[in-house]
Amino acid sequence: MQQPVGCVSGGIRYNKEKTEGALQGAGGNRKEGAIVLLKEKLSALRKRAGFSQEKLAEILDVSRQAVQKWERGAAMPDIPKLIAISSLFGVSLDYLLNNREPDADAVRHESSGLPQYASLPDWEAYYSQLPLELRQSAEEGRDVKRYEKLAAEIDRLPPDLHKKQLADVFYDMIESAPQRSGYRYVEPSDYAHIALLCTPPAAAPVPKAQELSQRLRGAWLGRICGCLLGKPVEGMRLFELIPFLKQADNFPMHRYLRSSDVTDSARETYSFDLSGRCYADTVSAAPVDDDTNYTVLALRLLELYGRSFTSEDVARLWVDSQVKRAYCTAERVAYRNIVNGYMPPDTATWRNPYREWIGAQIRADFYGYINPGNPKAAAEMAWRDARISHVKNGIYGSMFVAAMLAQAAVCTEIEPVIEAGLACIPFTSRLHETIAGILNDYRAGVDREECVRGIQSRFDDRSPHDWCHTISNAAIVTAALLYGGKDFGKTICLAVECGFDTDCNGATAGSILGMLIGETGIGPEWSAPLHGKLETSIFGVGTATLDELCARTEKWIER
């Protein structure tokens, strides 16, 4: 991506002397001013283009930490990198380094009638995720090793029509790749074949009204509290998360993070931006989060379409209920596909490299809430929801969680809950193998630290794929439930301090244990900051109360 100094790229001419002068100027003040301006403009340009810091670092062939320093104003790119940034975003160096707006000569305008490919968010731009597609396909058992070099070469190209066209061809090649010899997993996505590979437990009687109400409130409250616990550090990788928690005197975790934990020293030490996040001492209600939005959306789904809702109903509800930016990764791709006229299950598969990520797993709770004692029914509902955006283990994660919640409503111990979840997913799957392995190790006496080390060594949280995948995060939830000892605080804290998708795992573990132990098992140190309220970004919902959500949920339970 680097351009020689003095060359023309995208209609913008670069001049070595002028560039060096803008940086070095007549004294330090000018350079400091340029750093401040670049700090503000680089972040805005990157976000407008839909690039993550990791993706921009990859394109510029620098570390993520370098990009973070540039955006904090702690460092300045060298001249070749400035030129590369200028070329990538179609702006002049004069705009980047001086206090003026771009003009007709500073911004490259496309007159071809084609989309501005550099402005498409990474989550929606399939051509930006070919190495990820390659890994996902390999994990599904496709013989795609021969395409590794091709994926890397296409990935290095600038985002334009040619890159998109090459990515389209790549997609067709990957889709037609054969199953590799010796692949030992059988992982269907259609329900009929999934059911053949499962042995769900028989339905149990629904608890009496008072007990069920108390458990249901615990599930809703547990989900919301666990989400709030993990939300401030969502995206913070383990190499910084653990030192930060220790610096905050909160490791092992035992409380919510507070705004006072973010000291000047913490801001300077960690590349992860800890400012402006939702800390328990700064909120008056549980803040908006997709982990809780989806639970409320599922409630609305039942109210609109009933217990016999279809996958098409879910797709319709998504488009009608939230703006596109409320959806991430696999859900964002599915949303795009729905708008473009695709129908399930094609909404999940068409150019979707995130098809086994965690999204469906965080959408499943409500189906467990309304099927107490009936894991099979809960899992089948979760399948109907999950299949609009996910396949294989992405679907199984949703079924696993829904089934566990249904069983937790009639259990007093954790192990039978996990067993019920396992019984509702294919025993021939990677997810089943992973969760069963953790459960067996726990029964064999493997301690908490060894279990966590095993998960963190198998999955690399610095990899976006591992960080957000269904299996890695389901493993953490399982470990938290087993080693938390039915103590609510210990369970959600373990789910968060293990890293990976912290708010998702805190929410899921909190929801399942909350159903098991009920509202009375959740102390005021966890519930008080919520003030009994949950904020959403769902059209027509806004802020809802816990009382309201629980009352509306109980109406859908068949007794």
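This is a predicted model, so every value here is computed, not measured.

Moving on: the overall build of the protein. Scanning the protein from N- to C-terminus turns up 29 helices and four strands. Scaling as 2.2 N^0.38, a compact globule of 559 residues should have a C-alpha radius of gyration of about 24 Å, and the protein matches this with 25 Å. The proportion of buried residues among the 559 residues of the protein is 58%. Looking at the protein alone, contacts between residues at least 24 apart form 74% of all its contacts between residues at least 6 apart. Surface accessibility of the protein: about 22,500 Å² in total, with carbon and sulfur atoms responsible for 51%.

Looking now at the pattern of salt bridges. Any two side chains of opposite charge can pair, so long as their charged atoms come close to each other. According to the stated counting rule, one finds 40 salt bridges in the structure shown. Linking Glu 133 and Arg 355 is a salt bridge whose minimum nitrogen-to-oxygen distance equals 2.7 Å. Within this pair, whereas Glu 133 is found in helix H7 (residues 130-139), its partner Arg 355 is found in the loop between helix H17 (346-349) and helix H18 (365-369), the two being separated by 222 residues in sequence. Considered together, Glu 133 and Arg 355 belong to a single accessibility category, that of buried residues. A salt bridge links Arg 363 to Glu 331; its shortest N-O distance comes to 2.5 Å. A residue pair is termed long-range when its members are at least 10 positions apart, and Arg 363 in the loop between H17 and H18 and Glu 331 in helix H16 (residues 329-339) qualify at 32 residues. Overall, Arg 363 belongs to the buried group, its relative accessible area being 2%.

Attention shifts here to unusual backbone geometry. Residue Phe 251 is joined to Pro 252 through a cis peptide bond whose omega torsion reads -5°. Checked against the element boundaries, Pro 252 lands in the loop between helix H12 (238-247) and helix H13 (264-269). Cis geometry marks the peptide bond from Pro 344 to Pro 345, where omega comes out at 5°. Structurally, the position occupied by Pro 345 is in the loop between H16 and H17.

What follows covers the packing of aromatic side chains. Here the structure, examined in full by the defined rule, presents 18 aromatic pairs. For the ring pair Tyr 256 and Trp 526, a centre distance of 4.9 Å and an interplane angle of 70° mean the geometry is edge-to-face. With Tyr 256 in the loop between H12 and H13 and Trp 526 in helix H28 (residues 524-527), this pair connects stretches of sequence that are 270 residues apart. Tyr 256 sits in the buried class, given a relative accessible area of 6%.

A few words on the environment of Ala 286. By the element assignment, Ala 286 lies in the loop between H13 and helix H14 (290-305). In this structure Ala 286 comes out as buried when scored by relative accessible area, which is 2%. Residues Ala 286 and Ser 527 lie 241 residues apart in sequence; the distance between their C-alpha atoms is 9.8 Å. When neighbours within four sequence positions are excluded, Ala 286 is seen to be in contact with Ile 224, Leu 530, Lys 533, Leu 534 and Glu 535.

Considering every residue of the protein, the mean pLDDT works out to 90; 90% of them sit at 70 or more. When the criterion is pLDDT under 50, residues 1-28 qualifies, and its contacts beyond four places in sequence or with other chains add up to 46 contacts. Of the regions scoring below 50 in pLDDT, residues 102-111 engages in 13 contacts with residues more than four places distant in sequence or in other chains.

Note on placement: Glu 124 falls in the loop between helix H6 (93-97) and H7. Judged by its relative accessible area of 13%, Glu 124 falls in the buried class. Reaching out from Glu 124, the side chain makes a polar contact with the side chain of Arg 332 at a distance of 2.7 Å. Apart from the residues within four sequence positions on either side, Glu 124 is in contact with Lys 324, Arg 332 and Arg 336.

Bringing the packing of helix H20 (residues 392-408) against helix H21 (residues 414-423) into the picture now. Between two packed helices, the angle of one axis relative to the other and the distance separating the axes together describe the packing. Where H20 contacts H21, the two axes come as close as 8 Å, and the packing angle between them is 140°. One way to sum up the angle between H20 and H21 is to call them oblique. At the point where H20 passes H21, the crossing takes the right-handed sense. When H20 is examined against H21, the residues Phe 400, Ala 403, Met 404, Gln 407 and Ala 408 are found in contact with a partner set consisting of Pro 416, Val 417, Ile 418, Ala 420, Gly 421 and Leu 422. Classifying every residue of the contact of H20 with H21 by side-chain character gives nine nonpolar, two polar and no charged.

Time to look at the environment of Glu 331. Residue Glu 331 is classed as buried on the basis of its relative accessible area of 3%. When the C-alpha atoms of Glu 331 and Ala 386 are compared, they prove to be 9.8 Å apart, with 55 residues separating the residues in sequence. When sequence neighbours within four positions are dropped, the list of residues in contact with Glu 331 reads Tyr 294, Trp 318, Gly 359, Ala 360, Arg 363, Ser 389 and His 390. Looking at Glu 331, its side chain comes within polar contact range of the side chain of Arg 363, at 2.5 Å.

What follows is about helix H29 (residues 546-554). Looking at H29, one finds that the buried residues are Leu 546, Leu 549, Cys 550, Arg 552 and Thr 553. Projected down its long axis, H29 shows its buried positions confined to an angular sector of 165°, all on one face. Buried residues along H29 sit in contact with helix H11 (209-230), H14, H18, strand E3 (533-535) and strand E4 (543-545).

Take Lys 81: it is sitting in helix H5 (residues 79-89). A polar contact of 2.6 Å, which involves the side chain of Lys 81, links it to the backbone oxygen of Leu 60.

About the cut-offs
Residues numbered from 1 in each chain as written. Predicted model: local features only at pLDDT ≥ 70, side-chain atom pairs only at ≥ 80, totals over all residues. Heavy atoms only, no water. Helix = DSSP H or I, 4+ residues; strand = E, 2+ residues; numbered from the N terminus. Rg over C-alpha atoms; globule rule 2.2 N^0.38 Å. Buried < 20%, exposed > 50% of the residue type's maximum accessible area, 1.4 Å probe, protein only. Contact = heavy atoms within 4.5 Å. Areas by Shrake-Rupley, 256 points an atom, 1.4 Å probe, with all protein chains shown as cover. Salt bridge = Lys/Arg side-chain N within 4 Å of Asp/Glu carboxyl O. Phe/Tyr/Trp six-rings, centres within 6.5 Å; stacked < 30°, edge-to-face > 60°. pLDDT = per-residue confidence, 0-100. Polar contact = N/O pair within 3.5 Å; in protein donor to acceptor, adjacent residues only side chain to side chain. Axes fitted to C-alpha atoms, helices over the stretch in contact; angles between N-to-C directions. Parallel < 35°, antiparallel > 145°, perpendicular 65-115°, else oblique. Left-handed = near helix turned anticlockwise from the far one by under 90°. Nonpolar A, V, L, I, M, F, W, Y, C, P; charged D, E, K, R; others polar. Arc of directions from axis to C-beta.

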